[in-house]
Amino acid sequence: MTTDIWGWVHDTHRQLNEAGQHRLATALAEIAGHAVEGRNEQLDAMYPEALASARALGLPWVEVFLRHWRLQNLLNKRHQGEAAMAEAVSLLEFAHREETLSCPQSVCAVQDFTICHANIDGPGYVSERLAVLEETLERVEPARACFDCLSREYADTLEDDGRGEEALTYLDRAQARIQAAGEQVSLAFGHSRASALHRLGRYQDALAAYDTAEHAYVAARNQLDDDDRRKLAAGRALNLAALGRAGAALDLLPPAEEADQYADIRHRWARAVELLAQGGALPHGELANDAELGARLARWVGHLDTAGSHRPCLDLVLVAGRLAVARGARTIALTLVATGERKLALLRRTDDGVADRLAALRAAAEALPPAELPVPAAELVEWLAEHTPAPETGADLLAAARAELPADAPAVVANLAAVLGMLGHGRTAADLLWAELEEGRGQDYVAGMLGSMLIEAGDGEGVRRLAERLLTTDPSDAHWLRARWAATEGRWSEVGEHCAGVLAHEPEAINTRRLAAAAATRTGDHAGAQRIYQELLAHALPEDEAGPGEEHRTVQEPDLWHLITAATANRDWDTVRAVGARLGIEFDEPAGPVEEEWQLITLRATRTNGSTAEFPAVRTGPATARVLPVLGDELPLNHRDIVVFGPAVLNDPPQSEEEQERWRPTFELLTLLDPAGYTTYWLDGAWPGDDHWVALRTDLQQAGYGVWAYSGDHYAVTDPADQDGEGLPGIYAALGVPPTASAAQADALLLRLTADWPHPVSWLDLAEAGGLDTARHKEIVERYGL
């Protein structure tokens, strides 16, 4: 196996573009970045279409590449275990077929397979992991990047077997072979070395390993990205905390919100926090061993539980449980112990001390004194309605009351489930409510609570089970549960169907109409959305007739804004003006389309690759805006298009008055209303100077064209007069050609307006579109290294 993977990617990307398969070419170029940087939403949006295209075009090598990088994301960034096993096994088989065996990415399916087993139970699958890695490493040259990856996996497997010294020795040998082949080890190689050193208790050496790896990486003219910095910071913070250097550890520890977002740093983050708490360094700022920390760790435990990552889940349970014991949260600690015992039963190997550690945690939790009830157990729920103890204290009180009361105490159980759910223990809370349902207790409110918890926990199977149970006894609630679950998963057509099922039984329902209208908007059915919002207004209660708890049945201001948005998309200007008047909006004209100049805003839209784009626009009405920049084909709109946007402001205004003056509200793009018909082409070349550029921009705008610079101060092109120099400042800009002009006319205009520039500029795609001579532009591309 000698094919260079990135050389193959480069060649295949070019071939796909030449064949007109631009979206697949983009996916091939971007999916690895999305995977390793943890851009999960972009990857999820891009992957299905890309995989289908690769299969339709009969490109098995591309399929292997796409599937591998998605698995890398699922395994490393989302820490999936059993949830990803079927795909890991399937890819391993596919990557070793005759038509894929020579693909340079095929060997990486072995890495995916071993990581998946490590996530499930690393120590339990040591022999299987070592066997498949040894066989594969024999077939891979040390000069290949795959040798680095597989060597790291082999060392990690030795670590999981408690053989840290062997892991270090193996890494030394692998590094020597890589360097002898003329290559350098990866930054991730340094992480593996530091991990082995940490497990051996050599914390200072682990810090030195991080430093050595980072210095070598930067010396090789690489730049650390956010992912690199985040993982280095978490690893260093852990070892500093282990050394008792709390101040330095706290300085480096990533914010908790980053650990929420990136699952691959969570365990090191949690362990570092535990060490800091043990050393008396907490609280520190907003970081403390409190219920908020406990809820955060519980949510992470729940994620690993659902993902089938049993060993990492149990490891995190032990950290979270010890912290809970330290703060005296008895019920939370015992809840974590129960989760850990369930995970322990799923491990293949428990002779490494994990069972003893869990047993010690149970003993410590049980040694905490049960809460003393302030009132008789039967009166606790009523007492809690008038008092607000801390959440974990409330859990302890409810658990104590439950222990004293007979089995039939649905109110206590429901309150306990609510508190546990709020504190991140969704599965335990759901199990409590399921038991109540099975026993026929608290039917009126338990099902509603359970449904909300199942949705929040992402338990689709639980939602299905509960909905089927409710269908015979309360079909309206069954449809409402299914509608909410479908909305969570973005299945908007199904949302509308289930909302219709609710309304068939409860025609006066208001929240159901809100969700149904939102679903119609998401599917592009703006006429349906307008109709539903108008029905909502007709069925809503007058404010003076709404009783306690019925506020949701009155017309809310967002309802009116959503109605304006739907009416705008339908060009129903009479409704826009009538509802606008109800909101206090004064229009310049009494009738007709609303085309005014309001304010500068930012629009947020989704590119074809799933990533998010933001760009400026001029607000022209309550729900319309005119696009300012010239945009590329990654967005289905362009310069001067009139679009409809959603009413919700997506960004908070700043605190200071100075920042408020520069602040622009951000809105979500909904749909294109009136296309202006501009076509985008690209200008590329050396920066002509401010005067020339301003003159070009002014002349183009006066001629009805659009132009928008995308390059920044760091963009440079080759100086033909000094090939070895630093180059010339460059300009890369989008040209918007109006529908009234042809490509040939645009070409002639550009030639005239740039004739006196110090360096020529290329607009190759414009020349190609106009069937014009492209030789001049190709020569500019070559001379200036564009």
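The text that follows walks through the structure, step by step, so that each part is easy to find.

### Remarks on the overall build of the chain
Part 1: Counting its regular elements, the chain contains 36 helices and 10 strands.
Part 2: Taken over C-alpha atoms, the radius of gyration comes to 31 Å for the chain, in line with the 28 Å a tight globule of 786 residues would show.
Part 3: On the principal axes, the C-alpha backbone points of the chain span a range of 90 × 80 × 55 Å.
Part 4: Across the 786 residues in the chain, those meeting the buried criterion constitute 49%.
Part 5: A sequence separation of at least 24 residues applies to 60% of the contacts in the chain between residues at least 6 apart.
Part 6: Accessible surface computed for the chain: about 36400 Å², of which carbon and sulfur atoms make up 49%.
Part 7: If the 69 positive side-chain charges of the chain are averaged to one point and the 122 negative ones to another, these points end up 4 Å apart.

### Quick word on the environment of histidine 526
Part 1: Tracing the sequence through the fold places histidine 526 in helix α29 (residues 526–539).
Part 2: Placed 173 residues apart in sequence, histidine 526 and glycine 353 show a C-alpha to C-alpha distance of 60 Å.
Part 3: When near neighbours in sequence (up to four residues on either side) are disregarded, histidine 526 contacts Ala520, Thr521, Ala566, Ala569, Asn570 and Thr671.

### Considerations on the packing of helix α26 (residues 475–488) against helix α28 (residues 511–522)
Part 1: Contact geometry for α26 and α28: axes closest at 11 Å, N-to-C directions at 35°. For the pair α26 and α28, the sense of crossing is left-handed. Judged by residue contacts, Trp480, Ala483, Arg484 and Ala487 of α26 engage Asn511, Thr512 and Leu515 from α28.
Part 2: Taken together, the residues that form the contact of α26 with α28 break down as 4 nonpolar, 2 polar and 1 charged.

### With respect to α29
In an α-helix, one turn spans 3.6 residues, which is why side chains three or four residues apart end up on the same side.
Part 1: Its 14 residues place the ends of α29 20 Å apart at the C-alpha level, agreeing with the 20 Å of an ideal helix rising 1.5 Å per residue.
Part 2: Within α29 the residues assigned to the buried category are His526, Gly528, Ala529, Gln530, Ile532, Tyr533 and Leu536.
Part 3: Structurally, α29 contributes buried residues whose contacts are with α28, α30 (557–569), α31 (573–582) and β5 (666–674).

### Section: the environment of glycine 421
Part 1: Note that glycine 421 resides in helix α22 (residues 410–422).
Part 2: Here the alpha-carbon distance between glycine 421 and alanine 509, two residues 88 residues apart in the chain, equals 27 Å.
Part 3: Apart from the residues lying within four places of it in its own chain, the contact partners of glycine 421 are Ala429 and Met453.

### Side note on the sheet that holds strand β2 (residues 612–619)
Part 1: Within the closed barrel, the 5 strands sit side by side as β1-β2-β3-β4-β5. Their pairing is mixed. Within this sheet the neighbouring strands show an average axis-to-axis angle of 55°, counted without direction.
Part 2: The pairing of β2 with strand β3 (residues 624–627) spans 3 bridges and is classified as antiparallel. Bridged to arginine 619 within β3 is alanine 625.

### Considerations on the pairing of β2
Part 1: Of all 8 residues that make up β2, 6 are buried, and the element is covered over most of its length.
Part 2: Of the pairings in the sheet, the one linking strand β1 (residues 600–606) to β2 comprises 7 bridges and is antiparallel in character. By the bridge assignment, threonine 606 is partnered in β2 with threonine 612.
Part 3: Connecting β1 to the next strand, β2, in antiparallel fashion are 5 residues, including glycine 610 with a positive phi near 95°.

### Some points on the packing of aromatic side chains
Part 1: Counted under the stated rule, the structure contains 12 aromatic pairs.
Part 2: Aromatic side chains tryptophan 8 and phenylalanine 65 sit 5.9 Å apart centroid to centroid with 55° between the ring planes, which places their arrangement in the tilted category. One end of the pair, tryptophan 8, is in helix α1 (residues 5–18); the other, phenylalanine 65, is in helix α4 (residues 60–77), with 57 residues separating them in the sequence.
Part 3: A relative accessible area of 0% places phenylalanine 65 in the buried class.
Part 4: Ring centres of tryptophan 682 and tyrosine 710 lie 5.7 Å apart, and the angle between their planes is 55°; this geometry places the pair in the tilted category. Of this pair, tryptophan 682 sits in strand β6 (residues 679–686) while tyrosine 710 is found in the loop between β7 (706–709) and β8 (716–717), placing the two residues 28 residues apart along the sequence.
Part 5: Here the aromatic residues Trp6, Trp8, Trp61, Phe65 and Trp69 are joined through ring pairs into a cluster of three or more.
Part 6: One residue, arginine 67, lies across the ring of phenylalanine 94, its end atom 5.4 Å from the ring centre.
Part 7: Stacked on the ring of phenylalanine 587, the Lys or Arg arginine 577 has its end atom at 5.2 Å from the ring centre.

### Observations regarding the side chain of aspartate 305
Part 1: The residue aspartate 305 is located in helix α16 (residues 291–307) in this model.
Part 2: Here lysine 343 takes part through its side chain, which lies 2.8 Å from a polar atom of the side chain of aspartate 305.

### Observations concerning the nonpolar core
Part 1: Membership of the largest hydrophobic core comes to 81 residues, with the highest contact counts inside it found for Leu253, Trp269, Leu276, Leu450 and Leu466.
Part 2: At 10 residues, the largest contribution of residues to this core is made by helix α17 (residues 310–326).
Part 3: Dropping the residues within four chain positions of it, leucine 466 is found in contact with Trp434, Leu437, Ala447, Leu450, Gly451, Leu454 and Leu481.
Part 4: Membership of the second largest hydrophobic core comes to 50 residues, among which are Val110, Leu133, Ala155 and Ile178.

### A short note on unusual backbone geometry
Part 1: Across the junction of leucine 282 and proline 283, the peptide omega takes the value 5°, indicating a cis bond.
Part 2: For proline 283, the location among the structural elements is in the loop between α15 (266–278) and α16.
Part 3: With a phi close to 60°, arginine 571 is a non-glycine residue in the positive phi region.
Part 4: Tracing the backbone through its elements, the reader meets arginine 571 in the loop between α30 and α31.
Part 5: Residue classification places arginine 571 among the partly exposed positions, given a relative accessible area of 41%.
Part 6: At arginine 640, a position not held by glycine, the phi torsion is positive, near 70°.
Part 7: Looking at where arginine 640 falls in the secondary structure, it is placed in the loop between β3 and β4 (642–645).
Part 8: For arginine 640, a relative accessible area of 40% translates into the label partly exposed.

### A closer look at the pattern of salt bridges
Once their charged atoms are close, side chains differing in charge can pair, the charge on each being opposite to the other.
Part 1: With the rule as written, the count across this model stands at 53 salt bridges.
Part 2: One salt bridge in this structure joins arginine 349 and aspartate 161, with 2.7 Å as the shortest N-O distance. Of the two residues, arginine 349 sits in the loop between α18 (330–344) and α19 (354–367) while aspartate 161 sits in the loop between α8 (145–160) and α9 (164–180), which places them 188 residues apart along the sequence.
Part 3: Taking relative accessible area as the criterion, arginine 349 reaches 22% and is therefore assigned partly exposed.
Part 4: When its relative accessible area of 22% is taken as the criterion, aspartate 161 is described as partly exposed.
Part 5: Salt bridges linked by common partners bring Lys77, Asp227, Arg230, Lys231 and Asp264 together as one network.

### Quick notes on the state of the cysteines
Part 1: Within this structure, the stated rule accounts for 0 disulfides.
Part 2: No disulfide involves cysteine 116; its sulfur sits 15 Å from that of cysteine 313, the nearest cysteine.
Part 3: Cysteine 116 sits in the buried class, given a relative accessible area of 0%.
Part 4: Of all cysteine sulfurs, the one in cysteine 146 lies closest to cysteine 149, which takes part in no disulfide; the gap is 6.0 Å.
Part 5: Accessibility expressed as a relative area gives 19% for cysteine 149, which makes it buried.

### Quick notes on the packing of helix α6 (residues 108–121) against α17
Part 1: At a minimum axis distance of 3 Å, the contact between α6 and α17 shows a crossing angle of 40°. Judged on the interaxial angle alone, α17 and α6 are oblique. Facing α6, whose interface residues are Asn119, Ile120 and Asp121, α17 presents His310, Arg311 and Pro312.
Part 2: Of the residues assigned to the contact of α6 with α17, the class counts are 2 nonpolar, 2 polar and 2 charged.

Cut-offs applied
Residues numbered from 1 in each chain as written. Predicted model: local features only at pLDDT ≥ 70, side-chain atom pairs only at ≥ 80, totals over all residues. Heavy atoms only, no water. Helix = DSSP H or I, 4+ residues; strand = E, 2+ residues; numbered from the N terminus. Rg over C-alpha atoms; globule rule 2.2 N^0.38 Å. Buried < 20%, exposed > 50% of the residue type's maximum accessible area, 1.4 Å probe, protein only. Contact = heavy atoms within 4.5 Å. Areas by Shrake-Rupley, 256 points an atom, 1.4 Å probe, with all protein chains shown as cover. Lys, Arg positive; Asp, Glu negative; His and termini not counted. Charge placed at Lys NZ, Arg CZ, Asp CG, Glu CD. Axes fitted to C-alpha atoms, helices over the stretch in contact; angles between N-to-C directions. Left-handed = near helix turned anticlockwise from the far one by under 90°. Nonpolar A, V, L, I, M, F, W, Y, C, P; charged D, E, K, R; others polar. Expected span 1.5 Å × (residues − 1). Pairing = 2+ DSSP bridges. Phe/Tyr/Trp six-rings, centres within 6.5 Å; stacked < 30°, edge-to-face > 60°. Lys NZ or Arg CZ within 6 Å of the ring centre and 35° of its normal. Polar contact = N/O pair within 3.5 Å; in protein donor to acceptor, adjacent residues only side chain to side chain. Core = buried A, V, L, I, M, F, W, Y, C linked by side-chain atoms within 4.5 Å. Salt bridge = Lys/Arg side-chain N within 4 Å of Asp/Glu carboxyl O. Disulfide = S-S within 2.5 Å. Parallel < 35°, antiparallel > 145°, perpendicular 65-115°, else oblique.

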